Amino acid sequence: MPIERSPVSLPPLSLYVHIPWCVQKCPYCDFNSHGLRGEIPEAAYIDHLLQDLHADRHYAQNRTLQSIFIGGGTPSLFSAEGIARLLDGIRAQVPFAPDIEITLEANPGTAEAERFNGYARAGVTRLSMGIQSFDDDKLKRLGRIHNAQEAIAAVAMAKRCGVRSFNLDLMHGLPNQTPEQALDDLRQAIALAPPHLSWYQLTIEPNTQFASRAPTLPDDDDLWAIFEQGHQLLTAHGYQQYETSAYAKPHFQCQHNLNYWRFGDYLAIGCGAHGKITFPDGEIIRFSKTKHPKGYLQGNYLYQQSAVARADRTFEFFMNRFRLLEPCPKTEFEQFTGISAGEITPLMAQAQAQGYITISEHHWQLTRHGALFLNELLALFLTE
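Residues numbered from 1 in each chain as written. Predicted model: local features only at pLDDT ≥ 70, side-chain atom pairs only at ≥ 80, totals over all residues. Heavy atoms only, no water.

Considering the overall build of the protein chain
Helix and strand counts for the protein chain come out as 15 helices and 17 strands. In summary, the protein chain has a C-alpha radius of gyration of 21 Å against a globular reference of 21 Å for 384 residues, a match within 12%. Here the protein chain, with 384 residues, has 53% of them falling under the buried criterion. Restricting the contact set of the protein chain to residue pairs at least 6 apart, pairs at least 24 apart contribute 71%. Accessible surface, the protein chain as shown: approximately 17100 Å² in total, 51% of it carbon and sulfur. (Helix = DSSP H or I, 4+ residues; strand = E, 2+ residues; numbered from the N terminus. Rg over C-alpha atoms; globule rule 2.2 N^0.38 Å. Buried < 20%, exposed > 50% of the residue type's maximum accessible area, 1.4 Å probe, protein only. Contact = heavy atoms within 4.5 Å. Areas by Shrake-Rupley, 256 points an atom, 1.4 Å probe, with all protein chains shown as cover.)

Side note on the packing of aromatic side chains
With the rule as written, the count across this model stands at 21 aromatic pairs. Seen in terms of ring centroids, Y59 and F279 are 6.0 Å apart; in terms of plane orientation they differ by 75°. Their pairing is edge-to-face. You can see Y59 sitting in the loop between α1 (42-55) and β4 (65-72) and its partner F279 sitting in the loop between β12 (274-278) and β13 (284-289), a full 220 residues away along the chain. Assessed through its relative accessible area of 17%, F279 is described here as buried. Plain terms: the ring middles of W199 and Y247 are 6.5 Å apart, the flat faces sit at 65° to each other, and that makes the pair edge-to-face. Placement of W199 in strand β8 (residues 196-201) and of Y247 in strand β10 (residues 246-248) is noted, with a sequence separation of 48 residues between them. Side by side, W199 and Y247 carry an identical accessibility label, which is buried. In this structure an aromatic cluster arises from ring pairing among F263, F317, F318, F322, F333, W364 and F381. Residue placement shows K276 over the ring face of F263; its charged tip is 4.1 Å from the ring centre. (Phe/Tyr/Trp six-rings, centres within 6.5 Å; stacked < 30°, edge-to-face > 60°. Lys NZ or Arg CZ within 6 Å of the ring centre and 35° of its normal.)

Regarding the nonpolar core
Core analysis: the biggest nonpolar cluster contains 83 residues, and L65, I68, I83, I90, F116, L127 and M129 have the highest contact counts within it. It is helix α5 (residues 148-160) that provides the largest number of residues to this core, a total of six residues. Discounting chain neighbours no more than four positions away, the residues touching I68 are L15, V17, L87, I90, F96, I100, E101, I102, T103 and H256. I339, A351, L377 and L378 belong to the second-largest nonpolar core, a separate cluster that totals 23 residues. (Core = buried A, V, L, I, M, F, W, Y, C linked by side-chain atoms within 4.5 Å.)

Brief notes about the sheet that holds strand β16 (residues 357-359)
Ordered in space as β15-β17-β16, the three strands form an open sheet in which the pairing is antiparallel. What marks the edges here is a single partner per strand, and that holds for β15 (328-329) and β16. Summarising the sheet, β15 and strand β17 (residues 363-366) pair through two bridges and their orientation is antiparallel. Counterpart to P329 in the pairing with β17 is H363. The strands that helix α13 (residues 345-353) touches are β16 and β17; relative to β16, the one it contacts most, it runs at about 120°. (Pairing = 2+ DSSP bridges. Axes fitted to C-alpha atoms, helices over the stretch in contact; angles between N-to-C directions.)

Re the pattern of salt bridges
According to the stated counting rule, one finds 15 salt bridges in the structure shown. Two residues, E228 and R368, come together in a salt bridge whose shortest N-O distance is 3.7 Å. On the criterion of sequence distance, the pair formed by E228 in helix α8 (residues 220-236) and R368 in helix α14 (residues 368-372) is long-range, its members being 140 residues apart. By relative accessible area, E228 is classed as partly exposed at 30%. R286 is the partner of E316 in a salt bridge, and the nearest nitrogen-oxygen pair spans 2.6 Å. Of this pair, E316 sits in helix α11 (residues 310-321) while R286 sits in strand β13; the two residues are 30 residues apart in sequence, bridging distant segments of the chain. A residue is classified by how much of its surface remains accessible, and R286, at 21% relative accessible area, is partly exposed. In the salt-bridge network here, residues are joined through shared partners; they are R262, R321, E326 and E332. (Salt bridge = Lys/Arg side-chain N within 4 Å of Asp/Glu carboxyl O.)

As for unusual backbone geometry
Note the cis peptide between G72 and G73, where omega equals 20°. The backbone of A193 sits at a positive phi, close to 55°, despite the residue not being glycine. With respect to the helices, strands and loops of the structure, A193 is situated in the loop between α6 (179-191) and β8. A positive phi is found at N207, a non-glycine position, where the angle reads about 60°. Residue class for N207 comes out exposed when judged on its relative accessible area of 79%.

Points about the environment of W224
Within the secondary structure, W224 is located in helix α8. We classify W224 as partly exposed; its relative accessible area is 36%. The spatial distance from the C-alpha of W224 to the C-alpha of P179 is 9.2 Å, given a sequence separation of 45 residues. Each residue touching W224, except ones within four places of it in the same chain, is listed here: R368 and L372.

With respect to the pairing of strand β11 (residues 265-270)
When you tally the buried positions in β11, you get six out of six residues, the bulk of the element. As paired strands, strand β1 (residues 13-19) and β11 are joined by six bridges and run parallel to one another. Bridge pairing in β11 places V17 opposite I269.

Here you go:
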């Protein structure tokens, strides 16, 4: 059966780079990461990342990269010189926007002041640090290799190294955590004045150590108390919630993540990386790369690729778009999916009737009720 295609506009383009190694695997982590066994093949892996991008360069279609996110794993295990070579190699293949945002994930346990300075000199404009907690006992339970003092020192390094912005990842709902402990963590994070905070609840994912040996987590009443009081605390200190689990000071939202949630396009290189590309003729594809470093380092980059069927685009668009709290322009839905807003009028009327969204002439707006019952809202868009 031929693929259905309708004219679409090309959305902004980003790049995700995955570096899969960690010092050790955390018990809650379901990302594609691998504990260290010997030396990281940094130089060889960067060679393959650039070859991987070269194989996919036709996807860029003379477009400009608006953002790059180097995630993992623990990208800060790579040297500043290696990151510089990687970014120079990417720039040689795909043009950078003048104000490109380049984020690198860093763990406090691998933070070194000179390395942070080197990342900034290499072109990194934003650091994202996996703090998770300022309670040393909780950090040990989470399998983290840093302690609270190292986390605080890493933040100080980030402030001095010359990057435009930095993010702190912080978890709540940790094993045996009380609401007051969770809020203490948040207060300590706020005191460090990060421009951006990712504040999210620990969830037990399949195929993790926690899934096989489940810890005792706070009950629903405590989780709700943590969220409500934490949200009020963040708002009182000038942080604006713009995404399900992301808060930022004005003008410091993560542009890379905004592009994901706005149904933008993104190239993807590295082990297990996932990408999405729109073509001028209306085709949209998703693809992923080989997960294990062994296969990837043999030059086997592409794992799978598939077209996004027209019947699935409404669900896929809103699965991303309704993570954001900002109004959703109807024109963006039409431009990026090739589907008329009129086609989904009955679905949106049903969502409005259930209190999940409000509707204006030009926008759909997620309500607080819709944000709390997002899965139920998204179920309206599922095709049988």
